[in-house]
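Observations on the three-dimensional arrangement
Letter by letter, the chains look like this.
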Amino acid sequence: MDALESEETPVAPAEPAEPPPLVAAPAVDAPESKEPPAAPVEPLQLLGQPAVDALERSESPAATVEPVPPPVATVLRFDLHQRLQHGLLASSFVLLVVTGWPLAAHSAKASASAAIVALFGGIERCSGIHRIAAIVMVIASLYHLAYLAVLASRRGLSASMLPSPGDLRNLGQNLLFFVGKRGERPKFPRFSYFEKFDYWAVFWGVAIMVGSGLVRWFPVEATGIFPPWVYEIAHYAHADEALLAALAIFIWHFYNVHLRPGVFPMSRVFLTGRLTLEQLQEEHGAEYEELMRARAQAEAKAKEGG
Amino acid sequence: MPLAFSPRTMRAAGAKQCGLTLALLLVALSPQAEGAPSKKKDDRKWCLMCHREPAYAAFKDSAHADLLCRDCHENNQFNPHEPVEEFSGDLTQLKPFAKSDPVALAACAGCHEDMGTSAELMPHGRADGALKPPLPYCLDCHGEPHQIQKVEDLPQPQRRLAENATCTACHGNPERMDGGTLAIGIEPVETYADSMHLRKVLLGSANAPGCVDCHGGHHTADLRKAPEQACNKCHEGATAAFASLVTHKPVTAAQKPVSFWTQKFFAWLTFLTILGLLGHISLDITHSLGARRGRPGK
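Further remarks concern helix H9 (residues 158-171) of chain B. Residues and elements named next belong to chain B. With 14 residues, H9 should reach 20 Å at 1.5 Å per residue; the first-to-last C-alpha distance of 19 Å fits that figure. Within the sequence span of H9, burial applies to Arg160, Glu163, Asn164 and Cys170. In this fold, the buried residues of H9 make contact with helix H10 (174-177), helix H11 (187-193), helix H12 (196-202) and helix H13 (211-215).

Pasting the structure below:
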């Protein structure tokens, strides 16, 4: 991760004592701050006032004492690990929905089910692919949990993904904004309430689907360990939660991320992992302001040090 | 049809053939036919003079195509045969195979003698008069004997679907299943129709079971006693707890409360969640379009 990001100039770190505002905060990785002269050398890619700041700072001897990497036109939102996790999850999800559909549909005679089964070369192979995709999803989930554990052990996990009262406030503000009772969009933190909803919906969904899927995959073993009603729940929960998840992803998630006006037809953030500062200000106003404040503080500190 | 046991298929075949079949019962009861039988090879030539239609074309392609007429219609040894009369005796007095199927005594059992005693043919073999409506005989399940096909010749899943259709002809008919001594209802058929087993059969699985795979054909196991034996044919190691999941009971609050409330929970969860999300999206879109119209320059 460090190697990958080293050629890109990260956003200025906040006070080292202050927890980073990210669940994963590659943008504030330590190694970059060890090479302060390198960062300001390429100010030409910068635009506007921040670029001027950076130029000024590069002439300041204080920069070598208190390294302050300059702000850049883009900020890293999702690092390579997160993008890989998302890619594994998304591809396995689509495959699972498609291969699971024929057996979840209540009318197996329906032509769509038969067509899907034919596409995958028969119901037995369709089921086999479903199980392989399930294993991929489990790997993606374990990858994510291990990733969180490593982050937690290195520098502490921030609470930015946890639900908070501010989310409810933002929801109210956003609805008022939608109906025209409020002039501007609320300033969202790093993760807006609808992004937190997506994350925790997937968290709950994967737990339910993997659990119920394993019970259905190994019914003899499951009924040997658990009472039979556990299988009953798993049987219905698997198909019903799958429908909920598919609707939520293909309608809600796709709309908010890709299809909404201004982004349509597709956002590339899940591929590049980067937001422009303009996008950051627009979509995560609170995070943007925090970033600017932290930078100003660091600058002030740098000047004091000088 | 004057006789209660008469199979549907025979009804279709016409009264003439039916009478013919019944007549052979009379001979079966007094099998000392007079005189030597004429050459059986002459059967086709002579019998078909009158009995050409409706079944002969299909008969040539049936599993019985190699049989001669009088292999089954044993009583009609002379040509032309005596006028046939309907059998009016006590069917339950026929021995031994006739107890399960009077027709089979004379015709089917001549070749298919390994089908077991009526006690083994549970529960369909019981013709002791205790059960109403009447239980099925050979032809009720196996169909018109002149057109009969070997079920083994059918590929899966057509074979299972054919077997299922045989069972559901009676077990899916509320008129036959709701009344009578058994009163088992059509729930088994309805719940099977909504099961993973049938879905896989319909989608072409060669392994998913039909009715007969669990319940057996002629030698039906009593699945109320040790149902896991049937499960173990595919699910090795299945226990009674495992088998208790396939009850053929409908998902209702009273019959299957766990399944019922799980479905209810997810139905409401899904409905309310998606309703909320769609509402959010609608407001967002409405606002975006309105903003665009209000500020055409932007």
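Back to the write-up after that little detour.
In this section: the interface of chain A and chain B. It is common to give the size of an interface as the accessible area lost on bringing the parts into contact. Across the boundary between the two partners, chain A contributes 46 residues, which contact 41 residues of chain B. With both chains or domains summed, chain A and chain B bury close to 3,800 Å², and 74% of this area falls on carbon and sulfur atoms. When the area that chain A buries against chain B is broken down by residue, the three leading residues are A:Phe178, A:Tyr236 and A:Tyr255, summing to 17%. Summed over the shared surface of chain A and chain B, the number is zero salt bridges. Counting across the chain A and chain B interface gives six residue pairs in polar contact (both at pLDDT 80 or more).

In this section: the nonpolar core. Listed in full, the ten residues of the largest apolar core are A:Phe188, A:Tyr193, A:Phe194, A:Leu244, A:Ala248, A:Trp252, A:Tyr255, B:Ile274, B:Leu277 and B:Ile281. Contributions of two or more residues to this core are made by helix H9 (193-217) and helix H11 (228-259) of chain A together with helix H16 (257-294) of chain B. Here this core takes four residues from H11(A), the largest share from any one element. Beyond its immediate sequence surroundings of up to four residues, B:Ile274 is in contact with A:Leu244, A:Leu247 and A:Ala248. Listed in part, the eight residues of the second largest apolar core include A:Leu103, A:Ile116, A:Cys126 and B:Leu203.

Moving on, we get to the packing of helix H8 (residues 165-178) of chain A against H9(A). Residue and element names in this part refer to chain A. Look at H8 against H9: their axes get within 9 Å of each other, and the N-to-C directions meet at 120°. As summarised for this structure, H8 and H9 are arranged oblique, according to the angle between their axes. Residues Asp167, Asn170, Leu171 and Asn174 of H8 touch H9, and the partners they reach there are Tyr193, Phe194 and Lys196. Among the residues making up the contact of H8 with H9, the classes are represented as three nonpolar, two polar and two charged.

Another point: a nonpolar patch on the surface. Together, A:Val94, A:Phe250, A:Ile251, A:Phe254, A:Leu259, A:Phe264 and B:Leu278 give the surface a local cluster of nonpolar side chains, amounting to about 580 Å² of exposed area. Considering every element that reaches the nonpolar patch, the biggest residue donor is H11(A), with four residues. Along the chain, the position of A:Phe250 falls in helix H11. When its relative accessible area of 35% is taken as the criterion, A:Phe250 is described as partly exposed.

Describing two packed helices takes the angle between their axes plus the distance from one axis to the other. All names here are of chain A. H9 packs onto helix H7 (residues 123-155) with a crossing angle of 135° between their chain directions and a minimal axis gap of 11 Å. Between H7 and H9, the angle is such that the two are oblique. With respect to the hand of their crossing, H7 and H9 are arranged in left-handed fashion. Here Arg131, Ile135, Met137, Val138, Ser141, His144, Leu145 and Leu148 of H7 come into contact with H9, specifically with Tyr199, Phe203, Val206, Val210 and Trp217. By residue class, the composition of the contact of H7 with H9 is ten nonpolar, two polar and one charged.

The rules behind these values
Residues numbered from 1 in each chain as written. Chains lettered and ligands numbered in written order. Predicted model: local features only at pLDDT ≥ 70, side-chain atom pairs only at ≥ 80, totals over all residues. Heavy atoms only, no water. Helix = DSSP H or I, 4+ residues; strand = E, 2+ residues; numbered from the N terminus. Expected span 1.5 Å × (residues − 1). Buried < 20%, exposed > 50% of the residue type's maximum accessible area, 1.4 Å probe, protein only. Contact = heavy atoms within 4.5 Å. Buried area = accessible area lost by both parts, 1.4 Å probe. Salt bridge = Lys/Arg side-chain N within 4 Å of Asp/Glu carboxyl O. Polar contact = N/O pair within 3.5 Å; in protein donor to acceptor, adjacent residues only side chain to side chain. Core = buried A, V, L, I, M, F, W, Y, C linked by side-chain atoms within 4.5 Å. Axes fitted to C-alpha atoms, helices over the stretch in contact; angles between N-to-C directions. Parallel < 35°, antiparallel > 145°, perpendicular 65-115°, else oblique. Nonpolar A, V, L, I, M, F, W, Y, C, P; charged D, E, K, R; others polar. Patch = residues over 30% accessible without salt bridge, like charges linked within 9 Å, V, L, I, M, F, W, Y side chains within 5 Å. Areas by Shrake-Rupley, 256 points an atom, 1.4 Å probe, with all protein chains shown as cover. Left-handed = near helix turned anticlockwise from the far one by under 90°.

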